[in-house]
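Examining the three-dimensional arrangement
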Amino acid sequence: MYCLLLFGAAALGLGGIAHRRAYLGCRAISDYCWINNCSSGASCCSNGDYNGACQDPVETAVAFLNDCSIIGRYRGRKVYLQDKVCYHNKTYVLFAFDDGEHMAFELERGSCCPCDRSWRVVGYSYADI
């Protein structure tokens, strides 16, 4: 009986590790070099200019990319959704560009109000796959 309890606890521990080791594209989410988004409001969508785009994490990431990204060469480029991983109140989005470059975004839902369904960009990565 004692051995079964230990085995069960070990299995739960491994399950927790596997859950934290979620993948975005070909890499573990924890292996990306995330840059914190320090802009006011933590998202361009906070000012409501995107007519509901903040309700969808992919659209929020596109709006951020086109209006707020630090490197201007990414603005206005055609992007392709390569991968999207969701769990709890976080979503990770990976975009690919025509030239093979990638960019990843970390988004989360507003936590100050349970009725707030808006997504905001909290981090991004110039991802090399």
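Residues numbered from 1 in each chain as written. Predicted model: local features only at pLDDT ≥ 70, side-chain atom pairs only at ≥ 80, totals over all residues. Heavy atoms only, no water.

To continue, consider helix H2 (residues 57-67). All buried positions along H2 are accounted for by Pro-57, Val-58, Thr-60, Ala-61, Ala-63, Phe-64 and Leu-65. Against strand S4 (79-87), strand S5 (90-97), strand S6 (102-109) and strand S7 (119-125) lie the buried residues of H2. (Buried < 20%, exposed > 50% of the residue type's maximum accessible area, 1.4 Å probe, protein only. Helix = DSSP H or I, 4+ residues; strand = E, 2+ residues; numbered from the N terminus. Contact = heavy atoms within 4.5 Å.)

Once that is clear, we can look at the environment of Val-62. Residue position: Val-62 is located in helix H2. Between the C-alpha atoms of Val-62 and Leu-81, which are 19 residues apart in sequence, the distance is 9.9 Å. Sequence-distant contacts of Val-62, that is, excluding residues within four places in its chain, are made with Val-79 and Phe-95.

Let us now look at the environment of Ala-96. As for its position among the elements, Ala-96 is in strand S5. The class for Ala-96 is buried, based on a relative accessible area of 12%. For the pair Ala-96 and Lys-78, spaced 18 residues apart in sequence, the C-alpha to C-alpha distance is 8.8 Å. Residue contacts for Ala-96: discarding those within four places in its chain leaves Lys-78, Val-79, Tyr-80, Gln-82, Glu-101 and His-102.

The sheet built from five strands is open, its strands ordered S3-S7-S6-S5-S4 with antiparallel pairing. The outermost strands of the open sheet, each flanked by one partner alone, are strand S3 (35-36) and S4. Of the strand pairs in this sheet, S3 and S7 are connected by two bridges, and their pairing is antiparallel. Its bridge partner being in S7, Ile-35 is matched across the sheet by Tyr-124. (Pairing = 2+ DSSP bridges.)

For any pair of aromatic rings, the description rests on two quantities: the centre-to-centre distance and the angle between the ring planes. Within this structure, the stated rule accounts for nine aromatic pairs. Their ring planes at 80 degrees and their centres at 5.8 Å tell us that Tyr-124 and Tyr-126 sit as a pair that is edge-to-face. Of the aromatic side chains, those joined through ring pairs into one cluster are Phe-64, Tyr-74, Phe-95, Phe-97, Phe-105, Tyr-124 and Tyr-126. Above the ring of Tyr-32, the side-chain terminus of Arg-27 is found at 4.2 Å from the ring centroid. (Phe/Tyr/Trp six-rings, centres within 6.5 Å; stacked < 30°, edge-to-face > 60°. Lys NZ or Arg CZ within 6 Å of the ring centre and 35° of its normal.)

So, about the pairing of S4. Pairing geometry for S4 and S5, over eight bridges, is antiparallel. Note on S5: the bridge partner recorded for Cys-86 is Thr-91. Count of turn residues in the S4/S5 antiparallel hairpin: two residues, of which His-88 carries a positive phi of about 55 degrees.

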